[in-house]
Amino acid sequence: MRTAVTAERRARLTGQFSELHLDALVVSALPNIRYLTGFTGSHALLLLTPSAATLFTDPRYEIQANRECDCPVRVVKGPLTRAASALLARKGARDIGFESSRLIYDAWAALGRDLGRQRRLRPVSGLVEKLRMVKSPEEIDRIEHSVAVNSKAFEKALGRFKPEMREMELAAELDYQMRRLGAEGPAFETIVASGVRTALPHARPTSEPIRSNTLLLIDMGAQCGGYASDMTRVVAIGNPGKTFRSMYAAVLEAQQAATASVRPGVNAGRVDATARRVLRRHGLDRLFSHSTGHGLGLEIHESPRLGKKEKTALETGMAITIEPGVYLEGSGGIRIEDTVVVTDEGVRVLTPTPKELVTL
Ligand code: ZN
Ligand code: ZN
């Protein structure tokens, strides 16, 4: 990430400090630290005051942090919270924000102890996440690349599909293809489910063979250049039967209607309601047990959530998924998911993989 970009993001954050009555903010969530400094390691704390940023990390990351970060780096032996508290004391900070939904309890307790009575720890939540909701053109390019890699990996792995292949084997093939195409790895544990197990929205691949005349559900995402992609497709292995074909058509209609309703200014909840309305017409809304989508970026699940009564208004530059699904216990399930971007004109679907029901 270019220096100017991360420095500008930090300025947008610290610009809110006086309004929030904060003298400093301790950022502990690694994706937030990456967003604000460029640091990609697995252990760090970022301390922000209105005039300075300091990254604390351990000796394993000394070289890497100094290369990646555009702010001073302190390499610490021992707890990072203790080093951060010492600096806060020197700066005379009194009201110190921490990420209440991201800081583990032990670290919070240690910070409180080290800071002493004169300083207050104030819970704040979602500050950086809110900035991260709207992506820059450079971030959208990265997401688009991640989506392209993901779809290519899907195509290549399905090309190697053989009847009676085990779910785990296919999942391994999907992950392997992703990495071969340049991904750091999967953005989440790849879901491969066949037969009745497609009715489990978050099924883990098993050692069961994928049998003929059944459905196969694949939900996969790549992590590429730090950014996630997310796609679900259901394919027919042989002939899964008429009921599933009509269920598939209904979910596809819901997915397309929800996608068409995306534009700046529309509430996330409205997009969700659009998908539900289509499924209700087909008598399937009760089988739709999760929300219609979610933001994604440095993490696979980000704000906004596209769920019932969700009030966040969509904005140009948000990257979200549209993924309605229906699940019939003991029988099977269908979900269709694309990654899309909100544009001034409405929506741009990034996922290139076709959505007609493919039969293998
Ligand atoms: Zn997914
Ligand atoms: Zn998703």
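Coordinates for the structure precede this section.
Rules of the game
Residues numbered from 1 in each chain as written. Chains lettered and ligands numbered in written order. Predicted model: local features only at pLDDT ≥ 70, side-chain atom pairs only at ≥ 80, totals over all residues. Heavy atoms only, no water. Helix = DSSP H or I, 4+ residues; strand = E, 2+ residues; numbered from the N terminus. Expected span 1.5 Å × (residues − 1). Contact = heavy atoms within 4.5 Å. Phe/Tyr/Trp six-rings, centres within 6.5 Å; stacked < 30°, edge-to-face > 60°. Buried < 20%, exposed > 50% of the residue type's maximum accessible area, 1.4 Å probe, protein only. Pairing = 2+ DSSP bridges.

Draft legend 1. Just helix H4 (residues 80-91), in detail. Compared with an ideal rise of 1.5 Å per residue, which puts 12 residues at 16 Å, H4 spans 17 Å between its outermost C-alpha atoms and is within 8% of the ideal. Here the buried face of H4 lies against strand S1 (24-27), strand S2 (44-48), strand S3 (53-57), strand S4 (73-75), strand S5 (95-99) and helix H5 (105-115). Of the residues one or two after H4, glycine 92 is the one with positive phi, at around 70°.

Draft legend 2. View of the packing of aromatic side chains. Counted according to the given criterion, the structure contains 3 aromatic pairs. Between the aromatic rings of phenylalanine 39 and tyrosine 61, the centroid separation amounts to 5.4 Å while the plane-to-plane angle is 90°, which identifies the pairing as edge-to-face. Of this pair, phenylalanine 39 sits in the loop between helix H2 (30-37) and S2 while tyrosine 61 is found in the loop between S3 and helix H3 (62-68), placing the two residues 22 residues apart along the sequence. Taking relative accessible area as the criterion, tyrosine 61 reaches 12% and is therefore assigned buried. The interplanar angle of 35° and the centroid separation of 5.7 Å between the aromatic rings of tyrosine 105 and tryptophan 108 together place this pair among those described as tilted. Residue tyrosine 105 and its partner tryptophan 108 are located together in helix H5, separated by 3 residues, close to a single helical turn. In this structure tyrosine 105 comes out as exposed when scored by relative accessible area, which is 60%. With relative accessibility at 34%, the residue tryptophan 108 sits in the partly exposed group.

Draft legend 3. Layout of the pairing of strand S15 (residues 319-322). Side chains of S15 alternate between two faces, with Ala319 and Thr321 and Ile320 and Ile322 buried alike. Summarising the sheet, S15 and strand S18 (residues 338-343) pair through 4 bridges and their orientation is antiparallel. Across the sheet, the residue bridging to threonine 321 is threonine 339, located in S18.

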